[in-house]
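Spelled out, the chains give:
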Amino acid sequence: MPAWLTHPLGWRSAPIPWTAVLRGALSAGPLLALGLLTGHLSQAVLAGLGAMLAGVNDRPGTRRTGVVHIGLPAVGGALGLLCGGLLADGGSRWAAVPALFVVGWLSGALSVTGPVWSAAAMQCLVTASIGAGMPIPGPAWLKAVCYLGGAAWLLLLRFLLRAPRHLLRRGARREGEREAVAAVFDALADALLALGGSGAEPARRRLVAAQHRADESLRLMRLLPFPGRREGRGSAQAYRITERFAAATALCEAGIALLWEGRPLPRHVAEAPRLLAAAVRADSAPGALASPVSDTVQRGAFDRALLAAAVTFDRTALRGTPVRPVPPEPREPGEPTRPTRPVRLPRPSPNTRGLRRALKELTARGSLRALGRVFAPARRENALRVALCVAASTAVALSLHQTHWYWLPATAAFLVKPDLGPLFSRVVNRVAGTATGVLVFTVLTLAMAGLGGLWWLVAVVVAGGALIPVATRHFGFQTAVVTLLVLSFVYALGDTEATAARLLDTALACGIVLLVGHLPHLTDPRVRVGHRFAVALRRTERYLRHVLDAPETAPTTSAGAPGTAGTDGTAGTAPVAPRGGDATGIALRYAAYRALSEARAVAETAAAELPGPHRAHRHDWLAVMARAERIVDAATVCAVRVEQGVPRPTATEARWVTEALAATADALEGGRGTPMPTLPPVPKDCRSLRDVMTELHGIQSLTTVT
């Protein structure tokens, strides 16, 4: 069966997050109960709405991660509610059409930036529709404050409610960061066990994803120190976690080189990172570590990275015996012996501007600067699609309803968000989920009609809030739960006839989004997917340029001290360490892999879309994705090999490869009608760069319109 038919039935399996379920149960329900007790029902409903949408973004991670993943979208939602409230106070109903068109344009352009900004943009658009179309008494600023207060309540619950195992151990307040670093070592062991098999590439993707989560957690640990706690340079726990993650970074870089090589390792060697993972969780030393035979440059790099990691763990261990790594077999004569040291990342330090820096770093380096490129093809296409869908839905809703017309544009805003899956799958799940939610709420209304009062709604909201963390695994299930909660909120405000009209509004919104989403000039996958690949290739080009442009020599004295004159007044030269493993190189490599993961999500969505009118839809974007991943892997291997003493590629070859990467990225970014560049010759003396050029030729053949 085609992917566009099977995708709506897909279910993402994962363990039930019981702590998040408890947070969801205690989020919106108690707020609604407080409103019923105090008589401030409208304010309680807005706060419950803020807690509900914050619960949608309450994903696994550290508490600092939650501050950004929940806080930034909540601020966007409050801003949208403020704008919608001011629009409603203006008195002109039809002014909502151009106003929401502008908000939709900005939301669509912002959504391309990254997942956090995408969530913030969607909440802003949805709450702008609710603020303009839902008649709630009170000034606009008070509505925004209540909404923000509900999201803040869920954030407070995230800080207070923690998994029981985290409360029973020393250093529990950084358990999230410690677990994130340990997960990197576990993912590395899984990748090494998959060497040479069909599961190697998926294992490598899981490894990179684990690195991203750990990197994000530790950057936020550094940038968002909690008040009143020793988060600075004197914090031994923060220092220990940071040093061990630096060791993991160097080890994973060497591990990617082994994956590129493709030769299986002995099981006891591949399992060595699990000992390091256990040591991270226990704050101890890992014991004896088995290392591979250093018969290739890649294996030698892993051996030395493992030795450096053992030294780091021994130096930072709280308890346990010193590490005695199992010695490898003798190296081949003439093989480089310079050890690879893990890069020491900056230690956590308090910073009064930490939140601003955290937002800038978390949403991808350079992404805030990219917001200015509103008229780039991918941004322009997505912005126009969102704006047209929301504006058309608003016009239809205003024609059908005098009040409570918010449902149609809000539904369109949810549907047009591309990172929720293929459009056809979203429409099918939205209709099924809304119908299920309306049916369940109607049955509950009939069953509770004889009780009188509104207290039964509190139980419904508590149950719905508890289901949100589980419902995020499937868009249809999530839609059913959100529909149930929203109907409970509007019923509490007195709109008791809303259920039947919601089915019609949902069907109309789905029809509008399907129509606009398949307009000829708004559906070219090369614009949507090509933009993501272009970002990944540009970041790879910056990483390679950083690695290969490093000077091979630096001034030194006759005694070998760099930077000073010799005893005879002349300056000599000494080798300069390659830059692929420094902090800047690591950041550039992470940025490239992060862009790759975003490109894969978009490529998988495009592969499951309905067949479109453009011939570019015939491109096998998943095959392009595989080649792009191998390009970044080869760039990482090039850095590892240069760091191990392999002769650096010539300046001409380096220029050929970096310029080819940039030119291919420009062609993919340009979208329709942009020809692919003529690629230079393939380098002959550097195998890793040769692989980069070979994969670029493959991408060109896959994306050339014939």
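Residues numbered from 1 in each chain as written. Predicted model: local features only at pLDDT ≥ 70, side-chain atom pairs only at ≥ 80, totals over all residues. Heavy atoms only, no water.

Focus on the overall build of the protein
- A count of helices and strands for the protein gives 28 helices and two strands.
- For the protein, with 706 residues in total, the buried portion stands at 57%.
- By sequence separation, contacts in the protein at least 24 residues apart represent 81% of the contacts at least 6 residues apart.
- Here the protein has roughly 28600 Å² of accessible surface; of this, 63% comes from carbon and sulfur atoms. (Helix = DSSP H or I, 4+ residues; strand = E, 2+ residues; numbered from the N terminus. Buried < 20%, exposed > 50% of the residue type's maximum accessible area, 1.4 Å probe, protein only. Contact = heavy atoms within 4.5 Å. Areas by Shrake-Rupley, 256 points an atom, 1.4 Å probe, with all protein chains shown as cover.)

What to know about the packing of aromatic side chains
- All told, the structure shown has seven aromatic pairs when counted by the stated rule.
- With a centroid separation of 6.5 Å and 35 degrees between ring planes, the pair formed by F245 and Y590 is classed as tilted. In this pair, F245 is assigned in helix α12 (residues 236-261) and Y590 in helix α25 (residues 583-607), connecting sequence segments 345 residues apart. The two residues F245 and Y590 agree in class, both being buried.
- Taken together, a centroid distance of 5.8 Å and an interplanar angle of 15 degrees make the contact between F533 and W621 stacked. Placement of the pair is F533 in helix α24 (residues 525-548) and W621 in helix α26 (residues 621-643), with a sequence separation of 88 residues. The burial state of F533 is the same as that of W621; both residues are buried.
- Linked through ring pairs, F441, W456 and Y491 together constitute an aromatic cluster.
- The ring of W260 carries the charged tip of R687 above its face, separated from the ring centre by 4.2 Å. (Phe/Tyr/Trp six-rings, centres within 6.5 Å; stacked < 30°, edge-to-face > 60°. Lys NZ or Arg CZ within 6 Å of the ring centre and 35° of its normal.)

Some words on the confidence of the model for the protein
- When the pLDDT values of the protein are averaged, the result is 79; 80% of them are 70 or greater.
- Within the model, pLDDT remains below 50 along residues 230-234, and this stretch shows 16 contacts once partners closer than five positions in the same chain are excluded. (pLDDT = per-residue confidence, 0-100.)

As for unusual backbone geometry
- If you check the backbone angles, D283 has positive phi at about 55 degrees while not being a glycine.
- In this structure, D283 sits in the loop between α14 (272-282) and α15 (297-316).
- Residue classification places D283 among the buried positions, given a relative accessible area of 5%.

Some words on the pattern of salt bridges
- Taken as a whole and judged by the stated rule, the model has 29 salt bridges.
- Salt-bridge contacts for D666 lead to R538; the nearest nitrogen and oxygen are separated by 3.0 Å. Here the residue D666 occupies a position in helix α27 (residues 651-670), and R538 occupies one in helix α24, the gap between them amounting to 128 residues. (Salt bridge = Lys/Arg side-chain N within 4 Å of Asp/Glu carboxyl O.)

Topic: the environment of H69
- Tracing the backbone shows H69 in helix α5 (residues 63-89).
- We classify H69 as partly exposed; its relative accessible area is 23%.
- With eleven residues separating them in the primary sequence, H69 and D58 have C-alpha atoms 7.4 Å apart.
- A distance of 3.3 Å separates a polar atom in the side chain of H69 from a polar atom in the side chain of E216. (Polar contact = N/O pair within 3.5 Å; in protein donor to acceptor, adjacent residues only side chain to side chain.)

Points about helix α28 (residues 687-703)
- With 17 residues, α28 should cover 24 Å at 1.5 Å per step; its first-to-last C-alpha distance of 24 Å lies within 8% of that length.
- Of the positions making up α28, those classed as buried are S688, L689, V692, M693, E695, L696, G698, I699, Q700 and T703. (Expected span 1.5 Å × (residues − 1).)

Digging into helix α21 (residues 455-471)
- With 17 residues, α21 extends 24 Å from end C-alpha to end C-alpha; this agrees with the ideal 24 Å at 1.5 Å per step.
- By the criterion of burial, α21 is predominantly enclosed, with twelve of the 17 residues buried.
- Contacts from the buried residues of α21 go to α2 (18-25), α3 (28-38), α4 (41-56), α20 (423-448) and α22 (475-492).

Observations concerning the packing of α5 against helix α7 (residues 115-133)
- Packing of α5 against α7 brings their axes to within 6 Å, and their N-to-C directions diverge by 25 degrees. With respect to their mutual orientation, α5 and α7 come out roughly parallel. The way α5 lies across α7 gives a crossing that is right-handed.
- In terms of residue class, the contact of α5 with α7 is built from 14 nonpolar, nine polar and no charged. (Axes fitted to C-alpha atoms, helices over the stretch in contact; angles between N-to-C directions. Parallel < 35°, antiparallel > 145°, perpendicular 65-115°, else oblique. Left-handed = near helix turned anticlockwise from the far one by under 90°. Nonpolar A, V, L, I, M, F, W, Y, C, P; charged D, E, K, R; others polar.)

Re the nonpolar core
- Ranked by internal contacts, the top residues of the largest apolar core, which has 97 residues, are F185 and F533.
- Core analysis: the second largest hydrophobic core is formed by 72 residues, A78, M134, A144 and F441 among them. (Core = buried A, V, L, I, M, F, W, Y, C linked by side-chain atoms within 4.5 Å.)

Examining the packing of helix α11 (residues 200-223) against α12
- At a closest axis distance of 11 Å, the pairing of α11 and α12 adopts a crossing angle of 155 degrees. Judged by the angle between their axes, α11 and α12 are roughly antiparallel. In the packing of α11 onto α12, the handedness of the crossing is left-handed. Contacts between α11 and α12 involve A200, R204, L207, Q211, A214, D215, L218 and M221 from the former and A238, I241, T242, F245, T249, C252, I256 and L259 from the latter.
- Residue classes in the contact of α11 with α12 are distributed as eleven nonpolar, three polar and two charged.

Describing the environment of Q700
- Relative to the elements of secondary structure, Q700 occurs in helix α28.
- According to the relative accessible area criterion, Q700 is buried, its value standing at 18%.
- Linking Q700 and P677, residues 23 residues apart in sequence, is a C-alpha distance of 8.5 Å.
- Ignoring anything within four residues of it in the chain, the contact list for Q700 reads M676, P677 and L679.

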